[in-house]
Amino acid sequence: MAAPRDAALKRLSLAVGRRLRRAGLMIATAESCTGGLLAKCLTDIAGSSDYFERGWVTYSNAAKQANLGVAPGLIERPIGWDDRVWLSWSPDAGVVLTR
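The following paragraphs examine the structure supplied in this document. Remember, predicted model here, so these are calculated numbers, not experimental data.

## Some remarks on the environment of Val-85
On the secondary structure map, Val-85 appears in helix α5 (residues 83-87). On the basis of relative accessible area, Val-85 is assigned to the buried category, the value being 0%.

Here it is, written out as structure tokens:
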């Protein structure tokens, strides 16, 4: 599957922003391998502070442990990543929608 192009990302970001604003929700993101791309796309939209709360880019294992509460045993393995890692992110990090 090819990565979305800039125009597609902008369309998706606009749609997400409209839905969040309409619902009165805020979003916070926690990213790793994407290097902050999700937060960048969402905040490229004028007025995004209406719905974008904050974002974390936690690329290193140490950052995931310190900022997201990931247990060392989950990421101190050769591959360092699987679904259990992002599922273990603390409830106040990751993709969170709030009213």
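Once the structure has been displayed, the description carries forward.
## Topic: helix α1 (residues 6-23)
Between the first and last C-alpha of α1 there are 26 Å, a value that for 18 residues agrees with the 26 Å anticipated at 1.5 Å per step. Listing the buried residues of α1 in full gives Leu-9, Ser-13, Gly-17 and Leu-20. Projected onto a plane normal to the axis of α1, the buried residues spread over an arc of 65° and lie on a single side. Residues of α1 that are exposed and point more than 90 degrees away from the buried face comprise Arg-11, Leu-12, Arg-19 and Arg-22. Looking one or two residues past α1, Gly-24 carries a phi angle of roughly 70°, positive in sign.

## Things to note about the side chain of Ser-48
Secondary-structure assignment places Ser-48 in the loop between α2 (37-43) and β2 (52-57). Overall, the relative accessible area of 8% leaves Ser-48 in the buried class. Apart from the residues lying within four places of it in its own chain, the contact partners of Ser-48 are Arg-21, Leu-42 and Thr-43.

Cut-offs and rules
Along every chain, residues carry numbers that run from 1 in the direction the sequence is written. At least 70 in pLDDT is required for a residue's local features to be given in this predicted model, at least 80 for side-chain atom pairs to be given and counted, and no such filter applies to totals for whole chains, interfaces and linings, which use all residues. In computing side-chain properties, one takes all heavy atoms of the structure into account and sets aside hydrogens as well as water. Where helices and strands are cited, they refer to DSSP runs of H or I of at least four residues and of E of at least two residues respectively, numbered from the N terminus. Categorising residues by exposure relies on relative accessible area from a 1.4 Å probe, with only protein chains included: less than 20% of the type maximum marks a residue as buried, more than 50% marks it as exposed, and the intermediate range marks it as partly exposed. By this rule the span expected of a helix is its residue count minus one, scaled by 1.5 Å. Summarising the geometry, the arc corresponds to the directions from the helix axis toward the C-beta atoms. The contact rule is simple, with two residues in contact once any of their heavy atoms fall within 4.5 Å.

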